[in-house]
Amino acid sequence: MRWEDIKRFQYIEALLLWEGRLTARHLADYFSVSRPTAQKFISEYKQLNPDAFAEHHNEKGQVAAEHFSPQFINEHFATYEALLRQSDTPISTPVETLPNFQRNICPTLVRPILLAIRNQLRLDIGYLSISSPDFEDRIIQPHSLVYDGVRYHVRAYCEKNGGYRDFVLSRFSGEFAFEGGAQYTKEQDELWNTFLEVVICPDHRLDDKQKRCIEYDYQMVNGTKAIETRAALLKYVLHALRVDIYQPLAEQQQIVIEPNCLKKLSRYL
């Protein structure tokens, strides 16, 4: 199947899943095509997924079946939002996103790190840190890139520190040299291969109605929700959940780590 066809089917499914209906005008505006061509796209999709549409439809367009199940996209709202932004022409969208704060990331900087990861190589590269504000050479043995929702990190064995560390991707200088094969890989990274459960619950200072609101919001079961993460990424998960800092007001805090879970996690904090 051609990528052009897949992209059309993805957008069709995003509209059916999240808006519940589809019109030829949607596709005509999104792909800058005529309405007859857009109607042809819908007919082609119907042949692949005939159960996607309800039996009835009206002048407002095709209606999604009650138990519509997409075949070309996942059911994450972020996928719908991303597809809206990929239109060939500007279209009206109900989703507003924050500005993307670009950091110092470019292909010439990332390329040697990716090569070192894929080929398990030692990499001599300049790195800038708060404690060392001038670039200094580090020999690292990287095995993974990590995105924490704001910036990218490189998980690597650092020969200077004699252990696995996280390096901010945008702080490398880009000047590098390969130094042979890596001796420390992903398999030896104990924290990377240790999985933890972060159990969150409503702040105990909230009243019962407020707690039920939080439980509904986070889809908690019996007042808790478990989130699995690697031990090496624990601090990023806690920061994303905003439970790394305890707020003075319960309405600001909203969720906390379940007390028994916090005891188990304490050795990794």
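Residues numbered from 1 in each chain as written. Predicted model: local features only at pLDDT ≥ 70, side-chain atom pairs only at ≥ 80, totals over all residues. Heavy atoms only, no water.

Regarding the environment of Asp-203
Just so we agree on the cut-off: Counting from the N terminus, the helices are DSSP H or I runs at least four residues long and the strands are E runs at least two residues long. When accessible area is computed with a 1.4 Å probe and restricted to protein chains, residues below 20% of their type maximum are described as buried, those above 50% as exposed, and intermediate ones as partly exposed. The contact rule is simple, with two residues in contact once any of their heavy atoms fall within 4.5 Å. Polar contacts here mean pairs of N or O atoms no more than 3.5 Å apart (in protein, one a potential hydrogen donor and the other a potential acceptor; neighbouring residues in sequence count only if both atoms are side-chain atoms).
Tracing the sequence through the fold places Asp-203 in the loop between strand E8 (195-202) and helix H6 (208-217). We classify Asp-203 as buried; its relative accessible area is 0%. As for Asp-203 and Ser-92, which are separated by 111 residues in sequence, their C-alpha atoms are 39 Å apart. Discounting chain neighbours no more than four positions away, the residues touching Asp-203 are Lys-211, Tyr-246, Ala-250, Gln-253, Gln-254, Ile-255 and Val-256. Within polar-contact distance, the side chain of Asp-203 engages the side chain of Arg-205 at 2.8 Å.

Regarding the pairing of strand E4 (residues 136-147)
Spelled out, the test is: Any two strands are treated as partners once DSSP identifies two or more bridges connecting them.
Alignment of strand E3 (residues 121-127) against E4, held across five bridges, turns out to be antiparallel. Within E4, the position partnered with Ile-125 by the bridge is Arg-138.

Brief notes about the pattern of salt bridges
Going by this rule: Salt bridges are identified by distance alone: a Lys or Arg side-chain nitrogen within 4 Å of an Asp or Glu carboxyl oxygen.
A full pass over the atoms with the stated rule returns eleven salt bridges. One salt bridge in this structure joins Asp-29 and Arg-25, with 3.1 Å as the shortest N-O distance. On the criterion of helical spacing, the pair formed by Asp-29 and Arg-25 is a turn pair, its members being four residues apart in helix H2 (residues 24-31). Judged by relative accessible area, which is 35%, Asp-29 ranks as partly exposed. Overall, Arg-25 belongs to the partly exposed group, its relative accessible area being 39%.

Points about unusual backbone geometry
Of note in the backbone geometry, Gln-219 takes a positive phi value of approximately 55° without being a glycine. Even without a glycine there, the phi angle at Arg-242 is positive, about 65°.

Focus: the sheet that holds strand E5 (residues 152-158)
In plain terms, the rule: Lines are fitted to the C-alpha atoms to define the axes, a helix being fitted only along its stretch in contact, and any angle between axes, read from their N-to-C directions, falls within 0 to 180 degrees.
Overall, antiparallel pairing links the five strands, which are arranged E6-E5-E4-E3-E7 in an open sheet. Edge positions in the open sheet fall to strand E6 (163-168) and strand E7 (172-181), since each of these has one partner strand only. The sheet shows a mean angle of 45° between the axes of neighbouring strands, taken without regard to direction. Judged from the five bridges that link them, E3 and E7 form a sheet pairing that is antiparallel. Across the sheet, the residue bridging to Asp-124 is Ala-177, located in E7.

Thoughts on the side chain of Asn-49
Positionally, Asn-49 belongs in the loop between helix H3 (35-48) and strand E2 (62-63). Asn-49 sits in the buried class, given a relative accessible area of 8%. Of note is the side chain of Asn-49, whose polar atom sits 3.4 Å from the side chain of Gln-71. Once residues lying within four places of it in the same chain are set aside, the contact partners of Asn-49 are Glu-13, Phe-68, Ser-69 and Gln-71.

A look at the state of the cysteines
Spelled out, the test is: The term disulfide is used for any two cysteine sulfur atoms that are within 2.5 Å.
As enumerated under the stated definition, the model contains zero disulfides in all. With no disulfide of its own, Cys-201 has Cys-261 as its nearest cysteine by sulfur position, at a separation of 9.2 Å. For Cys-201, a relative accessible area of 12% corresponds to the buried category.

Some words on H3
Threshold: Multiplying one less than the number of residues by 1.5 Å gives the expected span of a helix. For this quantity, the arc is that covered by the directions from the helix axis to the C-beta atoms.
For H3, which comprises 14 residues, the first-to-last C-alpha distance of 20 Å matches the rise-based estimate of 20 Å (1.5 Å per residue) to within 8%. Listed as buried for H3 are Ala-38, Phe-41, Ile-42 and Tyr-45. End-on view of H3: buried residues confined to an arc of 95°, all on one side of the axis. Turned more than 90 degrees from where H3 packs its buried face, Pro-36 and Gln-47 sit exposed. For H3, the elements touching its buried residues are helix H1 (3-18), strand E1 (21-22), H2 and E2.

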